[in-house]
Amino acid sequence: MSKICQITGKQALVGNNVSHSKRRTKRRFNVNLFTKKFYWVEQDCWIDLNISAAGLRLINKIGLDAAIKQAAEKGYLK
């Protein structure tokens, strides 16, 4: 299971830890992911999604069906 949101397509970024003496070491900025079950009324079934907090807000705003259609058009939903 990769760390990618299935609705927004967000994934981990790479950056630097910077110490007080300005030494830089590589680090990852991970996505705030959840595994959440949703009931999809249009298909009359339960689905599991790996979803970020931003994806959860998007589903609350536009609805599950519209969010899944939007993610499928962009190629985020596998």
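The model shown is predicted, which means the values in this text are computed figures rather than measured ones.

What follows deals with the packing of helix H1 (residues 53-62) against helix H2 (residues 64-74). It is at 7 Å that the axes of H1 and H2 come closest, and there the two elements cross at 125°. Classified by the angle their axes make, H1 and H2 are oblique. Touching Leu-58, Ile-59 and Ile-62 of H1 are Leu-64, Ala-66, Ala-67 and Gln-70, all from H2. When the residues that make up the contact of H1 with H2 are grouped by side-chain class, the tally is six nonpolar, one polar and no charged.

Right, let's talk about H2 for a bit. Within the sequence span of H2, burial applies to Leu-64, Asp-65, Ala-67, Ile-68 and Ala-71. Across the axial projection of H2, the buried residues extend over an arc of 165°, all falling on one side. Set apart from the buried face of H2 by more than 90 degrees, the exposed residues are Lys-69, Glu-73 and Lys-74. Contact partners of the buried residues in H2: strand E3 (33-40), strand E4 (45-52) and H1. Directly beyond the C-terminal end of H2, a positive phi value near 85° is found at Gly-75.

Conventions we followed
Residues numbered from 1 in each chain as written. Predicted model: local features only at pLDDT ≥ 70, side-chain atom pairs only at ≥ 80, totals over all residues. Heavy atoms only, no water. Axes fitted to C-alpha atoms, helices over the stretch in contact; angles between N-to-C directions. Helix = DSSP H or I, 4+ residues; strand = E, 2+ residues; numbered from the N terminus. Parallel < 35°, antiparallel > 145°, perpendicular 65-115°, else oblique. Contact = heavy atoms within 4.5 Å. Nonpolar A, V, L, I, M, F, W, Y, C, P; charged D, E, K, R; others polar. Buried < 20%, exposed > 50% of the residue type's maximum accessible area, 1.4 Å probe, protein only. Arc of directions from axis to C-beta.

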